[in-house]
Amino acid sequence: MIKFPKDFYFGSSTSAEQSEGRFEGDKKALTTWDKFYEVDKYKFYDLIGPSKTSSVYRRYKEDIDLYKKTGHSAFRTSISWARLIPDESGIVNEKAVAFYKDYFTRLKEENIEVMVNLFHFDMPLYLEEKYGGFVSKEVVYKYVEYAKTCFSLFSDIVKIWFTFNEPIVSVECGYLLQYHYPMEVDAKKATQVAYNMQLASSMATKEFHKIVKDGKIGIILNLTPAYPRSNNKYDIKAANIAELFASKSFLDPSVLGKYPDELINICKKHDILPEYTNDELEIIENNTVDILGINYYQPLRVSAKANMPNPEAEFMPSYYYDPYIMPGRRINKYRGWEIYPEGIYDIAMNIKKNYNNIPYIISENGMGVEDEKRFKKDGIIQDDYRIEFFKEHLEYLHKGIKEGSNCFGYLVWTGIDCWSWLNSYKNRYGLIELDLETSNRIIKKSGYWFNELNKNKGF
Ligand code: BG6
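Residues numbered from 1 in each chain as written. Predicted model: local features only at pLDDT ≥ 70, side-chain atom pairs only at ≥ 80, totals over all residues.

Looking now at the overall build of the protein chain. When you go through the protein chain residue by residue, the secondary structure sums to 15 helices and 17 strands. Seen through its principal axes, the protein chain has C-alpha atoms that stretch 60 × 55 × 45 Å. Put simply, the protein chain has 459 residues, and 47% of those count as buried. (Helix = DSSP H or I, 4+ residues; strand = E, 2+ residues; numbered from the N terminus. Buried ≥ 20, exposed ≤ 12 C-beta atoms within 10 Å, placed from the backbone.)

In structure tokens form, the structure reads like this:
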């Protein structure tokens, strides 16, 4: 039997933009996702944009009952900046305050620990249009004001906070790969956004420690261990560089207070160092996080570049390496991602060895499945594949904990099936099915299993 500590959290994660819904009369401002949909709805799977959610804003009370039924002792979501502060006046929207207060209080009353993240890819449009989002330092300062407002309003209920979810995704998808608005390809802007987001995170951490005396704050990072194709020194070098960009770019400054020299050197070489001041670097150095959220889905596998890149070419991290399709790797055939549960153990050991064994929670892990309705029998989705996926990852996480890794919980992505950026409802991840036509919520087999998991603190 795999047994976790008594106070180990089991629960799920979602985000504001992916679950709440807009509800016109209640003043939520538009985000970059509304704009993106307006300019190019054909990029969104089945043409479903951000306004089609499970309407948590209206239905959170019944959803909390479902979280109870599926054994949640913790739940993570985000606050919508565009809902809380809907315009540049900075005046808070009282309807948003009432909603979040009631939502978080009711979770707490059900003994579900609420963990709140401040930013999950959802830039208010008024800040994007006026300043260009996190390209600008103005938005860093506005974010810090927003963070302070959240801490003052909700820290009596919420004790575990995060500054950002997967900031590297905003950087890559918005400024290199064209998957998120503003869909630019501009390496200089990309590094500026990355640096500004880190600065915003460190400044918010500083303010948090002034305002909140009985809580913890961290950042949520999608850590993707990079494995080389072979032991050849060029493949190993390629893997190190992949890891620098994919993981260390935020992990090092957030936990150790310092950027890796090698990353700085590469940025210098390509003339893409962001604008910074020594005072800002000092803030980053002195305001490291208390905890981490770690999202893990799949690793990176890389090999040395087959042809040496043209030094004049537009810079991309992948300038230095090629993806490597490892023969025989296991694949989630319903989503196309590799399944490699050992990766979670490698992350645990890396954090123990190189990052002061900082306490962390697995803040996302899960299995997306296309067309999941086909697995329905007797009215319930029989998602045994997902239960197996969780079990395998928990076994490796447990091994890490036994060897001294400081993990305090495991949150799956997600509770109720949610809308997901360009993929909309293509990949379902939930413990609870969302019927898109009726908006009904139906617990899947994995939801019942998860309830037993938390009851027994193991399986
Ligand atoms: C995570 C994000 O990286 O992946 C979530 O934090 C997202 O917001 C999840 O929904 C799943 O992504 P996808 O593309 O498979 O729906």
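This is not the end of the story, as more comes after the structure.
Let us now look at the sheet that holds strand β6 (residues 226–228). Across the sheet, which stays open at both edges, the three strands sit in the order β6-β8-β9 with mixed pairing between neighbours. The sheet terminates laterally at β6 and β9 (321–323), the two strands that pair on one side only. Geometrically, the sheet is characterised by an average inter-axis angle of 45 degrees between neighbouring strands, direction not taken into account. As judged from the three bridges shared by strand β8 (residues 300–304) and β9, these two strands associate in the antiparallel manner. From the neighbouring strand, Ser303 faces β9, where its bridge partner is Asp322. (Pairing = 2+ DSSP bridges. Axes fitted to C-alpha atoms, helices over the stretch in contact; angles between N-to-C directions.)

All right, on to the sheet that holds strand β3 (residues 113–117) then. In space, the eight strands of this closed barrel follow the order β1-β2-β3-β4-β5-β7-β10-β14, with parallel pairing throughout. Mean inter-strand twist for the sheet, computed between neighbouring axes without regard to direction, equals 25 degrees. Where strand β10 (residues 360–364) lies against strand β14 (residues 407–413), two bridges are found, and the strand directions are parallel. By the bridge assignment for β14, Tyr360 is matched with Cys407.

Now for the site of the ligand. Looking at the ligand, the residues that line it are Ser15, Gln18, Asn165, Glu166, Asn222, Asn295, Glu364, Gly368, Trp413, Ser420, Asn423 and Asn427. When its residues are assigned to classes, the shell around the ligand shows one nonpolar, nine polar and two charged. (Near = placed C-beta within 6 Å. Nonpolar A, V, L, I, M, F, W, Y, C, P; charged D, E, K, R; others polar.)

We now examine unusual backbone geometry. Of the consecutive residues Tyr181 and Pro182, the connecting peptide bond is found in the cis state with omega at 10 degrees. Inspection of the secondary structure assignment puts Pro182 in the loop between α8 (167–175) and α9 (187–211). Omega for the bond connecting Trp413 with Thr414 falls within 30 degrees of zero, at 10 degrees, which places this linkage in the cis form. On the secondary structure map, Thr414 appears in the loop between β14 and β15 (427–428).

Glancing now at the pairing of strand β4 (residues 160–165). Here β4 lies mainly inside the structure; six of its six residues are buried. With three bridges joining them, β3 and β4 adopt parallel strand pairing. The partner of Met115 across the bridge, within β4, is Ile160. Summarising the sheet, β4 and strand β5 (residues 216–222) pair through four bridges and their orientation is parallel. In the sheet register, Asn165 faces β5, and the bridge partner there is Ile220.

Below, the discussion takes up the packing of helix α14 (residues 384–402) against helix α15 (residues 445–456). Running from N to C, α14 and α15 point in directions that differ by 35 degrees, and their axes come no closer than 8 Å. Where α14 crosses over α15, the two elements pack in a sense that is right-handed. Judged by residue contacts, Asp384, Arg386 and Ile387 of α14 engage Lys445, Ser446 and Trp449 from α15. Looking at the contact of α14 with α15, its residues break down into two nonpolar, one polar and three charged. (Left-handed = near helix turned anticlockwise from the far one by under 90°. Contact = placed C-beta atoms within 7 Å.)

So, about the environment of Leu153. Examined against the element boundaries, Leu153 turns out to sit in helix α7 (residues 137–154). Spatially, the C-alpha atom of Leu153 lies 8.3 Å from that of Lys101, the residues being 52 residues apart in sequence.

Glancing now at α15. Look at α15: 17 Å from first C-alpha to last across twelve residues, which is about the 16 Å you get at 1.5 Å a residue. Those residues of α15 that sit buried are Ser446, Gly447, Phe450 and Leu453. All buried residues of α15 lie within an arc of 110 degrees about the axis, which places them on one face of the element. Along α15, exposed side chains directed more than 90 degrees from the buried face belong to Glu452 and Lys455. In this fold, the buried residues of α15 make contact with β1 (9–13), α14, β16 (432–434) and β17 (441–443). (Expected span 1.5 Å × (residues − 1). Arc of directions from axis to C-beta.)

Our focus in this paragraph is the packing of α7 against α9. Close contact between α7 and α9 brings their axes to 9 Å; oriented N to C, the two are set at 30 degrees. What the angle tells us is that α7 and α9 run roughly parallel. Crossing hand, α7 versus α9: right-handed. In this structure, α7 uses Lys137, Val140, Tyr143, Val144, Ala147, Lys148, Phe151 and Ser152 to contact α9, whose residues at the interface are Asn196, Leu199, Ala200, Met203, Ala204, Glu207, Phe208 and Ile211. Along the lines of polarity and charge, the residues of the contact of α7 with α9 split into eleven nonpolar, two polar and three charged. (Parallel < 35°, antiparallel > 145°, perpendicular 65-115°, else oblique.)

Relative to the assigned elements, His180 resides in the loop between α8 and α9. Exposure remark for His180: the 21 C-beta atoms within 10 Å place this residue in the buried category.

What follows covers the confidence of the model for the protein chain. Summing up the model confidence of the protein chain, the mean pLDDT is 96 and the portion of residues at 70 or higher is 99%. Reported for the predicted complex are a pTM of 0.97 and an ipTM of 0.98. (pLDDT = per-residue confidence, 0-100.)

What follows deals with the environment of Lys426. Note that Lys426 resides in the loop between β14 and β15. Lys426 sits in the partly exposed class, given 16 other C-beta atoms within 10 Å. If sequence neighbours within four positions are ignored, Lys426 has contacts with Tyr45 and Glu370.

Glancing now at helix α10 (residues 233–256). The first and last C-alpha atoms of α10 sit only 27 Å apart over 24 residues, clearly below the 34 Å expected at 1.5 Å per residue. The largest bend in α10 is about 60 degrees, located at Lys248. A positive backbone phi angle near 80 degrees is found at Gly257, which sits one or two residues after α10. (Bend = angle between axes of the 7 residues up to and from the residue.)

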